[in-house]
Amino acid sequence: MSPVADGFRQLGHLFATDTLAVIAVIAFMGWLLRRNEAVLAWLSFAGLAWFVFNLDGLPFIEAWPFEFPAGQSALLYPLLLATMGLAASFLGVAVPRPLAITAAVASLALGAAATVFHGLEFTRIVALASICVTLLMLGFFATGGGERISSLDKLVLVSIYALGLSATAVDLFAGKIWPATGLLLSPYAGVLLLGFSGFIILRRMLATAEAREKLNEALGQRIETTKANLLASESARHSLEVAHAVKLERERLMREIHDGIGSSLVAALASAERQGKESTTAVVALKGALTDLRVAIDSLEPVEGNVATLLASFRYRYEPELRKSGIGIKWMVEDVPELEWLDAPSALHVLRILQESISNTMGHSKATQLSFKCKMALLLGRPGLRVEVADNGTGFNAEAPVMGRGRRNMAQRAEALGGKLDVLSKPGEGTTTILWLPLVRRQGLNLEAGHAADL
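Everything quoted here is computed from the prediction, not taken from an experiment.

Right, let's talk about the packing of helix α11 (residues 344–365) against helix α12 (residues 406–416) for a bit. It is the contact of α11 with α12, at a shortest axis distance of 9 Å, that shows an interaxial angle of 155°. Relative to α12, the element α11 lies roughly antiparallel. The hand of the α11/α12 crossing is left-handed. Between α11, through His 349, Arg 352, Ile 353, Glu 356 and Ser 357, and α12, the contact on the second element is made entirely by Gly 406, Met 410, Arg 413, Ala 414 and Ala 416.

Next comes the structure, spelled out in structure tokens:
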């Protein structure tokens, strides 16, 4: 062999051996960071075993005065033990503890025997038999392994391991493939075997890290969703508590008004009626006050946004007085959607508008028929409810200037509700009061002042 070729051979051998050492160190550092990854410990052990095994044959090792007398024959058994342990860890094979201990003891014993009897041919035969047993165990691991790696990776891994061990056997028993060159295969076989093993480990760890990140992200989203649900639940619970407290307070006020002021008005009305005609004005005033009080109480009743229920309550209060006045009622209220914004103050505004309209009918129109209507209607493209009260009385000139406060108050209440009021009338054609209420009310309405703050 020329000096140049021999230099390249030695350089390749040295480079491959150093690469094995680097793999062993990196795997050991990785195992220190992730102690639960046993495969990293086996990779580090296998890298060290292959590194020490391939030191034999390097020029500076041969020049050492304390060269290991048995050479590669004694170092073969730790290499086989480490390689099979790495394969078992990769393939997910559970090796019984007694079997693992037995293999470790046998490896030490065979290594010691090879050191003592290194000059005998018998040691080579035992080493060859050990490699064959290792190849058989490798095949057993491949068939009985779990699903830790894919079938393709398993096939490639087993093939590379078998080629690596076969190359080691060739180096041991053929000496050299080309005797004239002294080229050894085991250093390169070790680099290929352990390099592919490290690649699979790295890919699996990256996949595990990615899966963990996705899991953490999913858990984070679930935690945020749970927190939002808890906040919504707490808010709903608080709203229920407030609604319950408001309901109890409303019932208390209704009871106090009914039993207190209502009872006093009823008693005063009965006393005035017993006094005869001289108290006719007082009787009318007391009846009006009592009706107003009942309307206010009705507005406190929970109607859950149902306008039809509110109108029915109003009809119940006023129908007896209308019939006494000789006015019949025609009821044409359809099944309409609920108004979510219709609370007690809003309901009172609606009832006051209807009350003013009925009072005008009873006091001035000389009507004999009064009709109530309620249905869906659009106003400038906005959906809403159209509440209509119409009589067949004498009517009036709706174009004339408004003199009293009744119609102005009605218009202000409608504006406060975010709706629109129209009073249509002509002399001799009766009067129609139309109240339009939106399905969705705009923000910023001032019910206290009775007008729209932001319409």
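Picking up after the structure, the text goes on.
Taken together, Val 95, Leu 99, Val 133, Met 137 and Phe 140 make up a surface patch of nonpolar side chains, about 430 Å² in accessible area. Sort the elements by how many residues they give to the nonpolar patch and helix α6 (residues 121–144) lands first, with three residues. Relative to the assigned elements, Val 95 resides in the loop between α4 (72–91) and α5 (97–116). Residue Val 95 is classed as partly exposed on the basis of its relative accessible area, which comes to 35%.

To continue, consider the pattern of salt bridges. Oppositely charged side chains can pair when the atoms bearing their charge come close. Within the structure shown, the criterion is met by eight salt bridges. With its nearest N and O atoms 2.7 Å apart, the salt bridge here joins Arg 323 to Glu 319. With Arg 323 and Glu 319 both in helix α10 (residues 307–324) and four residues apart, the pair spans about one turn of that helix. The class for Arg 323 is partly exposed, based on a relative accessible area of 48%. Close ionic contact of Glu 388 with Lys 373 constitutes a salt bridge, the shortest N to O distance being 3.9 Å. You can see Glu 388 sitting in strand β3 (residues 382–391) and its partner Lys 373 sitting in strand β2 (residues 369–379), a full 15 residues away along the chain. Under the relative-accessibility criterion, Lys 373 is labelled partly exposed at 32%. By sharing partners, the salt bridges in this structure join Arg 315, Glu 319 and Arg 323 into a single network.

Looking now at the pairing of strand β4 (residues 420–425). The alternating pattern of β4 places Leu 421, Val 423 and Ser 425 on a buried face and Lys 420, Asp 422 and Leu 424 on a face that is not buried. Note: β4 against strand β5 (residues 431–438), six bridges, orientation antiparallel. Paired with Lys 420 across the strands is Trp 436, a residue of β5. Here β4 folds back onto β5 in antiparallel fashion, the turn holding five residues, of which Gly 428 has a positive phi close to 80°.

Thresholds, definitions, all that
Residues numbered from 1 in each chain as written. Predicted model: local features only at pLDDT ≥ 70, side-chain atom pairs only at ≥ 80, totals over all residues. Heavy atoms only, no water. Axes fitted to C-alpha atoms, helices over the stretch in contact; angles between N-to-C directions. Helix = DSSP H or I, 4+ residues; strand = E, 2+ residues; numbered from the N terminus. Parallel < 35°, antiparallel > 145°, perpendicular 65-115°, else oblique. Left-handed = near helix turned anticlockwise from the far one by under 90°. Contact = heavy atoms within 4.5 Å. Patch = residues over 30% accessible without salt bridge, like charges linked within 9 Å, V, L, I, M, F, W, Y side chains within 5 Å. Areas by Shrake-Rupley, 256 points an atom, 1.4 Å probe, with all protein chains shown as cover. Salt bridge = Lys/Arg side-chain N within 4 Å of Asp/Glu carboxyl O. Buried < 20%, exposed > 50% of the residue type's maximum accessible area, 1.4 Å probe, protein only. Pairing = 2+ DSSP bridges.

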